[in-house]
Amino acid sequence: MRFEPAASQGRERAPAALKLAVAGVLLFLHLPFAIIVLYAFTTDDASYRFPPPGLTLDWLQVAWNRPDVWQALGLSLRVAAAATAAALVLGTLAAAAVHKSRFFGREALSFLLILPIALPGIVTGIALRSAMSLASIPFSFWTVVVGHATFCVVVVYNNVLARLRRTPASLAEASMDLGATPQQTFRRILLPHLATALVAGGMLAFALSFDEIIVTTFTAGQQQTLPIWIYAQLSKPRQRPVTNVVAVFVVLTTAVPILLAHLLTRDKGGGIAGER
Amino acid sequence: MAGERAPVVRFIGVSRHFGSLRAVDDVSLDIADGEFFSMLGPSGSGKTTCLRLIAGFDRPTSGRILLHGLDAERLPPFERDVNTVFQDYALFPHMTVEENVAYGLAIRNVPRAERRRRAGEMLELVRLPEVASRRPGQLSGGQRQRVALARALVNRPRVLLLDEPLGALDLKLRQQMQIELKAIQERLAITFVYVTHDQEEALAMSDRLAVFREGRVDQVGTPAEVYERPATPFVADFVGTSNLIEGRLAERLAGSPAPCTIRPEKIRIVAAAAPVAGGDGAVDGTIRDVVYLGSHTRYRVEVGEGVVLVVVELNRATTAVDAHAARGRPVRLAWAREHLRPVGGR
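About the cut-offs
- Residues numbered from 1 in each chain as written.
- Chains lettered and ligands numbered in written order.
- Predicted model: local features only at pLDDT ≥ 70, side-chain atom pairs only at ≥ 80, totals over all residues.
- Heavy atoms only, no water.
- Helix = DSSP H or I, 4+ residues; strand = E, 2+ residues; numbered from the N terminus.
- Buried < 20%, exposed > 50% of the residue type's maximum accessible area, 1.4 Å probe, protein only.
- Contact = heavy atoms within 4.5 Å.
- Buried area = accessible area lost by both parts, 1.4 Å probe.
- Salt bridge = Lys/Arg side-chain N within 4 Å of Asp/Glu carboxyl O.
- Polar contact = N/O pair within 3.5 Å; in protein donor to acceptor, adjacent residues only side chain to side chain.
- Phe/Tyr/Trp six-rings, centres within 6.5 Å; stacked < 30°, edge-to-face > 60°.
- Lys NZ or Arg CZ within 6 Å of the ring centre and 35° of its normal.
- Pairing = 2+ DSSP bridges.
- Axes fitted to C-alpha atoms, helices over the stretch in contact; angles between N-to-C directions.
- Patch = residues over 30% accessible without salt bridge, like charges linked within 9 Å, V, L, I, M, F, W, Y side chains within 5 Å.
- Areas by Shrake-Rupley, 256 points an atom, 1.4 Å probe, with all protein chains shown as cover.

1. Section: unusual backbone geometry
So, step 1. Located in the positive-phi region is serine 136 of chain A, a residue other than glycine, with phi close to 55°.
So, step 2. When you line up the elements, serine 136 of chain A lands in the loop between helix H6 (121-134) and helix H7 (141-165).
So, step 3. Even without being glycine, glutamate 164 of chain B reaches a positive phi, approximately 40°.
So, step 4. On the secondary structure map, glutamate 164 of chain B appears in the loop between strand E7 (159-163) and helix H5 (171-188).
So, step 5. In this structure glutamate 164 of chain B comes out as buried when scored by relative accessible area, which is 10%.

And the structure:
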C-alpha cells in the first residue's frame, strides 16, 4: 500500500520563499551555461569583459577550421563509443548473472560493480594508473577506454538489472511454453523487453565517457580527448571563445542523450503481468 | 471416465523437494484424455509445482512423468505438446494482442496469413475479436485472462494447463468465466488440468479432481465422490464445510469411536423431542449462534460434551427475524443415517 496524498494536497501552492529558493538554486546551477553560450559569441578574444563589447559568429568558423579540435572530438567520440560498447556487453551479462543465479559472493560482486561510480574519479584514476604501470601496459587509446568502461559498466548494469527485476519470470516461461527455444526467447522476448533499458544505459554511458576528464588524465598517454583539450585551453588566452564554442557543443552532445534516456525509461504506467 | 481412455498425463511416484521442503511428495495419478481435471488444495500444497512439472519448467527430484505415454524426463518445455495459462497471464507487453496470440504460430514459422486467421479464430473463441490491435497494458484483467487463454490454445495442445486462471477476477466475472472455460473445454475436447484453491470452482467445473495436502494427494475422484465420500478428515473439511464427529459422540451416534463426518445441509432442525423416523439418526442440542446469509441460514448447535455442529438450512419460509429468534432454543437435530459417513484418518 502506497501513501497517496489527497487530491487537494497535490494542488497546494508552495510558499513564495520556497519558490524563490528553488529559482535561486536553478539559476546557480544553470547560469554558468548561459555565460558560456554568451562568450562563445563575443568579439573580445582574450578576456571576459561584461557586457561583451560585441557579438559575432566568427568563432564558429574558427573552431571549425582548427584541426586540434577535430582530433580531440574524434578521439572522444571513439573512446565513448568503445567504452559504451564494452559496457553494454559486460553490464548486461553481469546484470543477467546477478539477477538469475544465486552464487557465492553475489552481493560482493554487485557492490564491486557499483563501486567505481561512487569512488572519486581521482582514486579510480590513480589506481588504474599504478596498476597499468606495474603491469607495464603502455598508455594508449585502449587504456582510456578501459578507464571509462569502469564507470560505464555501472550505468548499463543498473539499468538492465532494474528492468530485469520488473520482468516477471513467467514471460520467458510463457515463450518456451509456446514452443520457443531459449535462443528464440532471448531474441523475441527478452531483448525487446530490455531494449529501452539498454538504449538508456548506453546513452548515459556515452554521455559519462564523453565529458570525463579525471580518469582520462590518469589513463591517457599523449591522447587528448575533448575535455582534456578544453582544460588545456584554459591556460592559453589566445582565441578563448573557441573553447566556449566547443564547450557548448559538449553540453549539447551530453544533454541530448541524457534527455532521451530519461524519456525512454520513464514509467509509462499500467502494469502488464496482472500486477496493479 | 478415467479408465476408459489411455492417460494423457501420468505421475508415477513423483516427488519434488526443495532442500528439506517436500513440495510434492510421492504423487501418483492418471489424467485421462479429454477430461477436465482439477488440482485442488490450499496454497503451498504442491498443486502448482505439479503443474510446473507437467509443463517442464521444473524437474522431479524422483519419480517419472509420462506425457501421452512417453517419458517426459528429457523433454524441455518447448518440446512438450502442452500449453499453459499463467496465473499472472504473462502476456508479452511489447506485442499487440494479435501478436501475443499468434506467437506460438510465429515460432513454428506458420505463414503470416494463416497466423492472422488462426489468431482471429482464437480471439473469436474467447469472444474478444475487437481488441486484436491493442497492447496488453490497455486491457482489463478479464480481457487479459481471455487473451492468455487464446494464446495458449492457438497451438492446439492436447493438454492445457491452467494455474489459478480466475484468481485475479471478481466474483461475477469468475462465475461467468467458469461457464465459458467449461464450454471451451467441451467444444475443443482437449484435456484441461486446472489448479485452484477454490473448492466451489473445482466442484463446479471438474470431471475429476485431486485434493492436495502438504505435497500429497489425499483423494482423487469425481466431485460427487469427493464431496459425498471424503477419504480423509482434511478432504471433508477443505471441500465444503463438514462436521467432524469423534470419540464418545461418534460412539453414541454411529456406534463406533471411529471419526465420521456429516455435511451441514444434510442435518434437519426439528422441534425438541419431536419423533424421528425409524433408521434416522438424531441428537438433542441448543442453538448457540445464528448467521443469516440471505438465501440460507447457518446455525451452530451445541449437542453436549462441548461439541458444536454446524447446520445449514435454506430460508424457504424463514425470515431473518425468525432465524435470529431461534438463538438459545432447544432443538433436535435429525438426519438420514447414510449421510453420517466414516472417514479414514491419516
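There's more to say after this.
2. Thoughts on the environment of glycine 44 of chain B
All names here are of chain B.
So, step 1. One can find glycine 44 in the loop between strand E3 (36-40) and helix H1 (47-55).
So, step 2. Since its relative accessible area comes to 74%, glycine 44 is described here as exposed.
So, step 3. Linking glycine 44 and glycine 215, residues 171 residues apart in sequence, is a C-alpha distance of 7.8 Å.

3. Section: the interface of chain B and chain A
So, step 1. Between chain B and chain A, the contact holds 27 residues from the first and 23 residues from the second.
So, step 2. Both sides of the chain B and chain A interface together cover about 2200 Å² of buried area, and 62% of this is carbon and sulfur.
So, step 3. Among the residues of chain B in contact with chain A, Phe78, Tyr103 and Ile107 of chain B are the three that bury the most area, contributing 27% of the side total.
So, step 4. Viewed at the interface, chain A and chain B are joined by 1 salt bridge.
So, step 5. With a closest N to O distance of 2.7 Å, arginine 52 of chain B and glutamate 173 of chain A form a salt bridge.
So, step 6. Linking chain B with chain A are 9 residue pairs in polar contact (both at pLDDT 80 or more).

4. Regarding the packing of aromatic side chains
Residue and element names in this part refer to chain B.
So, step 1. Scanning the model with the defined rule gives 8 aromatic pairs over all chains in all.
So, step 2. An angle of 40° between the planes, with centres 5.5 Å apart, marks the rings of phenylalanine 36 and phenylalanine 192 as tilted. Pair noted here: phenylalanine 36 is in strand E3 and phenylalanine 192 is in strand E8 (residues 191-196), with a separation of 156 residues, a long-range link.
So, step 3. Linked through ring pairs, Phe36, Phe192 and Tyr194 together constitute an aromatic cluster.
So, step 4. Over the ring of phenylalanine 92 we find arginine 151, and its NZ or CZ is 4.5 Å from the ring centre.
So, step 5. The side chain of arginine 263 reaches across the aromatic face of tyrosine 227, ending 3.9 Å from its centre.

5. Remarks on the sheet that holds strand E10 (residues 216-221) of chain B
Strand pairing within a sheet occurs via backbone hydrogen bonds; the two strands may be parallel or antiparallel.
Residues and elements named next belong to chain B.
So, step 1. Read across the sheet, 6 strands follow the order E6-E7-E8-E3-E9-E10 without closing on themselves; strand pairing throughout is mixed. Of all strands in the sheet, those bounded by a partner on one side alone are strand E6 (82-85) and E10. Averaged over neighbouring strand pairs, the angle between their axes works out to 20° when direction is ignored.
So, step 2. With respect to the sheet, helix H4 (residues 141-153) is in contact with E6 and E7, its orientation differing from that of E6 by roughly 175°.

6. What about a nonpolar patch on the surface?
Residue and element names in this part refer to chain A.
So, step 1. Taken together, the side chains of Leu18, Val22, Val25, Leu26, Phe28 and Leu29 make up a nonpolar region of the molecular surface, amounting to roughly 600 Å² of accessible area.
So, step 2. With respect to the helices and strands, phenylalanine 28 occurs in helix H2 (residues 16-39).
So, step 3. For phenylalanine 28, a relative accessible area of 67% gives the class exposed.

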